[in-house]
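Descriptive analysis of the structure
Take a look at the letters that make up each chain.
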Protein chains: 2
Amino acid sequence: MYDVGKRAGVSSATVSFILNGRGSGGDRISEETRQRVYRAIAELGYVPNQSARALRRQKTDRVCLVIPQIGTPFSDGLANSVQSVAEAHGYSLILSMSGGRERERHVFEQLRRGLADGAVLFDPEHLTNEELAQLAHAGVALVVQCNRVQGTNFDVVKIDEIKALQDAVRYLYDHGRRRVAFLFNVTESGIQEERLQSYWQTWRELGVPILESFVLRNVGRLREQVYRSVSKLLQSSERPDTIMAGSDMFAISAVWAIRDAGLRVPEDIAVIGIGNIPEGEITHPPLTTVGVVTPTFGDLTGLLFSRLASPVPLDGRVMTRQWELILRGSA
Amino acid sequence: MYDVGKRAGVSSATVSFILNGRGSGGDRISEETRQRVYRAIAELGYVPNQSARALRRQKTDRVCLVIPQIGTPFSDGLANSVQSVAEAHGYSLILSMSGGRERERHVFEQLRRGLADGAVLFDPEHLTNEELAQLAHAGVALVVQCNRVQGTNFDVVKIDEIKALQDAVRYLYDHGRRRVAFLFNVTESGIQEERLQSYWQTWRELGVPILESFVLRNVGRLREQVYRSVSKLLQSSERPDTIMAGSDMFAISAVWAIRDAGLRVPEDIAVIGIGNIPEGEITHPPLTTVGVVTPTFGDLTGLLFSRLASPVPLDGRVMTRQWELILRGSA
DNA sequence: TTGTATGCGTTATCAC
DNA sequence: GTGATAACGCATACAA
């Protein structure tokens, strides 16, 4: 900036003022000076340094979206949504993957060190309430989607899923299903597992036993892995009449596997997913699932940017999203 | 740091030295002092400020992976791969989405301003050679996957895809296919389009005309959108006997649509994708495609981190990945 | 073995 | 209308 100023015959202060007219000094830079400075900037290829600016302003103009894993239809939609809103508010979006304990802690550490002004944490598994509070206390605008936590200085979006999960089981029970298989992945403190626990619990209350061989605890993250897991399951002599999957993606992969094995959905095997991703509408039959009826990410972004815009620290807000049983053809 | 020092009865310099012992001073901090400082750090909840550190060291310890769009199996694999390697080298990974002209320029600007020490740019559409050179000149370690560019101060990974694309067309031609449909999306300077141009060109050389109504230029990004586009195509009285898709994901969605329409792949309609994603192995029939036989991202990360590690500016290196026609069942 | 002093590139207050 | 100047939080050469 000093060099730019020198070339334009002004001080670095003037350059700074022209680049982002704040502080005192009013609007009063002569048009002529302004032009000279712009020319000098162009000639020198000058570009302001973000680290220095952030240091001085105590503000990075960045927000961070933390997702366990990219590559799912859901994270895709979320990221695009947050990015649009961030841009509209003059923030850059940074994406971080938090899958696994190490990575989650790493991202947390980065945020503590001032990576961004605000963050949306999606399903953090290992962070405690205190750590989140600490982060928020350090000045990071925080919105957390997670059922485990509650904060006084950050916002939480919760999902009320229990009832919908119970509804799903009762529905299947009422339609005579008794041989139930589960598809999910065990992660360190996995939310998938929690949800399937709800299923399991409800079946037990209805007096239906769960066959251990029908519980697939490690179906893999990728479609082809899930497909193979299910194909294998179908080869055994004892076949399930129902598959409850930990995600819609798993459920869809299961539907393929079933159809490719020459069986019918839902006549031979009913399939139900979790999450309600758009893709579920085009499987044959369309996927029965459990989730938010019309998925939207407006609540998350709304909380984040209202918090960023607020001049005073806001209290912790809580929003609850209601899940429902969405009956389509597959179950 | 000053406060930490005060509490531990030392200067801020000593704290800094303990936190990252470099510079002069050797290793010589007494164990006792060290402990006192660590205790003070813990008690105060002190955490170093990245902006200040980056400003002083002229180094962010971050690398940035720039992908047009997350949510594809490919970007997922790439991101995970880069993240692992980055962690191993002591860097944090930042993900940025560059889809669309605005966003791409925005990310470019962020990098110029010092967002990260290095970056992998995947298929940048709008950046010129000069801009990339300028970025590299500014000190950003740069690896670009793109066929359009070549740099003297950054690395380029190219894909030699022409021959494989031509092979695909000839193969289809030799098997009697003549009514060819195309599936892709027109983007501002899209690579999908380029590839389909190669197809088109080859068909023309073979004397096969392309029906305009078989060219779907806007099938959408999501699986369900593609599925619907194809379903609609199949309803018209004139049906194609071949579908050449701009990506494997499109091809897979097409296979579903065809099967759900009661037609057979490849007997009624042959389908061929581009990219060779793992999921292609589990469609029925498995997907014929064009791409790298065993996808790996080692070349990209290798180039990036060798560049970051190099004490002197490296010349621009070029690596070429060879594409091949991968015959499986769908064509 | 530790402290002093300086500068990294900005921004913002104040004086002129 | 514009220019000095003092932070912002840290790292490091050098003095002690």
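Quick caveat, the model's predicted, so the values are computed rather than measured.

**Re the protein's contact with DNA strand D**
The environment of DNA strand D is made up of 28 residues, and the closest members are Thr14 and Thr33 of chain A together with Tyr46, Arg53 and Arg56 of chain B. Per the 4 Å cut-off to the protein, sugar and phosphate atoms form 66% of the nearby atoms of DNA strand D. Within the backbone of serine 30 of chain A, one N or O atom sits 3.0 Å away from a phosphate oxygen of DNA strand D. In this structure, a phosphate oxygen belonging to DNA strand D sits 3.1 Å away from a side-chain N or O atom of serine 16 of chain B. Of all elements in the fold, only helix 2 (12-19) and helix 4 (50-57) of chain A together with helix 2 (12-19) and helix 4 (50-57) of chain B reach the threshold of two or more residues within the surface near DNA strand D. With four residues, helix 4 of chain B is the largest single contributor of residues to the surface near DNA strand D. Of the residues in the surface near DNA strand D, the class split is ten nonpolar, twelve polar and six charged.

**So, the side chain of aspartate 248 of chain B**
All names here are of chain B. With respect to the element layout, aspartate 248 can be found in helix 11 (residues 248-260). No salt bridge is formed by the buried aspartate 248; the nearest opposite charge belongs to arginine 328, separated by 5.3 Å. A distance of 2.6 Å separates polar atoms of two side chains, one belonging to aspartate 248 and the other to threonine 289. When near neighbours in sequence (up to four residues on either side) are disregarded, aspartate 248 contacts Gly273, Ile274, Gly275, Asn276, Ile277, Leu287 and Thr289.

**A few points about the protein's contact with DNA strand C**
Close to DNA strand C lie 28 residues, the nearest being Arg56 of chain A together with Thr14, Arg28, Thr33 and Arg56 of chain B. When the atoms of DNA strand C within 4 Å of the protein are sorted by group, sugar and phosphate make up 65%. At a separation of 2.9 Å, a phosphate oxygen of DNA strand C approaches a polar side-chain atom of serine 16 of chain A. Interatomic distance of 3.4 Å between a backbone N/O atom of valine 47 of chain A and a phosphate oxygen of DNA strand C. Looking at the surface near DNA strand C, the elements that each hand over two or more residues are helix 2 and helix 4 of chain A together with helix 2 and helix 4 of chain B. Broken down by element, the residue count for the surface near DNA strand C peaks at four residues, all from helix 4 of chain A. Looking at the surface near DNA strand C residue by residue, the class counts come to ten nonpolar, twelve polar and six charged.

**Comments concerning the pairing of strand 6 (residues 180-183) of chain A**
Residues and elements named next belong to chain A. Across the two faces of strand 6 the burial is the same, with Val180 and Phe182 and Ala181 and Leu183 all buried. As defined by bridge partners, strand 6 adjoins strand 7 (residues 215-216) across two bridges and the pair is classed as parallel. Bridge pairing in strand 7 links leucine 183 to leucine 216.

**Some words on the relation of the copies chain A and chain B**
Of the transformation placing chain A onto chain B, the axial shift is 0.0 Å and the rotation is 180 degrees, giving an RMSD of 0.1 Å. Considering both components of the superposition, the chain copies are consistent with a two-fold axis. A share of 100% of interface residues in chain A that are also interface residues in chain B marks the association as one of identical surfaces.

**Remarks on the environment of valine 208 of chain A**
Inspection of the secondary structure assignment puts valine 208 of chain A in the loop between helix 9 (191-205) and strand 7. Every residue in contact with valine 208 of chain A, bar those within four places of it in the chain, is listed here: Tyr173, Arg178 and Trp203 of chain A.

**Focus: helix 10 (residues 223-235) of chain B**
Counted at 1.5 Å a residue, the expected span for helix 10 of chain B with its 13 residues is 18 Å, and the 19 Å between its end C-alpha atoms agrees. Along helix 10 of chain B, the residues that are buried comprise Arg223, Glu224, Val226, Tyr227, Ser229, Val230, Ser231, Leu233 and Leu234 of chain B. Contacts from the buried residues of helix 10 of chain B go to helix 10 (223-235) of chain A together with helix 5 (73-88), strand 6 (180-183), strand 7 (215-216), strand 8 (242-245) and helix 11 of chain B.

**As for the environment of phenylalanine 297 of chain A**
Residue and element names in this part refer to chain A. Relative to the assigned elements, phenylalanine 297 resides in the loop between strand 10 (289-291) and helix 12 (298-309). By relative accessible area, which is 12% here, phenylalanine 297 ends up buried. With near-sequence residues (within four places) excluded, phenylalanine 297 lies in contact with Phe74, Gly77, Leu78 and Ser81.

**Quick word on the interface of chain A and chain B**
Taken together, the contacts link 48 residues of chain A with 49 residues of chain B. Buried area between chain A and chain B, both sides added, is near 4700 Å², and the carbon and sulfur share of it is 51%. For the chain A face of the interface with chain B, the top three residues by lost area are Arg103, Arg113 and Ile282 of chain A, together amounting to 15%. Between chain A and chain B we count ten salt bridges in total. One salt bridge in this structure joins aspartate 260 of chain A and arginine 259 of chain B, with 2.8 Å as the shortest N-O distance. Counting every contact that joins chain A to chain B gives 21 residue pairs in polar contact (both at pLDDT 80 or more).

Cut-offs applied
- Residues numbered from 1 in each chain as written.
- Chains lettered and ligands numbered in written order.
- Predicted model: local features only at pLDDT ≥ 70, side-chain atom pairs only at ≥ 80, totals over all residues.
- Heavy atoms only, no water.
- Near = heavy atom within 4 Å.
- Polar contact = N/O pair within 3.5 Å; in protein donor to acceptor, adjacent residues only side chain to side chain.
- Helix = DSSP H or I, 4+ residues; strand = E, 2+ residues; numbered from the N terminus.
- Nonpolar A, V, L, I, M, F, W, Y, C, P; charged D, E, K, R; others polar.
- Buried < 20%, exposed > 50% of the residue type's maximum accessible area, 1.4 Å probe, protein only.
- Lys, Arg positive; Asp, Glu negative; His and termini not counted.
- Salt bridge = Lys/Arg side-chain N within 4 Å of Asp/Glu carboxyl O.
- Contact = heavy atoms within 4.5 Å.
- Pairing = 2+ DSSP bridges.
- Least-squares fit on C-alpha atoms with pLDDT ≥ 70 in both.
- Expected span 1.5 Å × (residues − 1).
- Buried area = accessible area lost by both parts, 1.4 Å probe.

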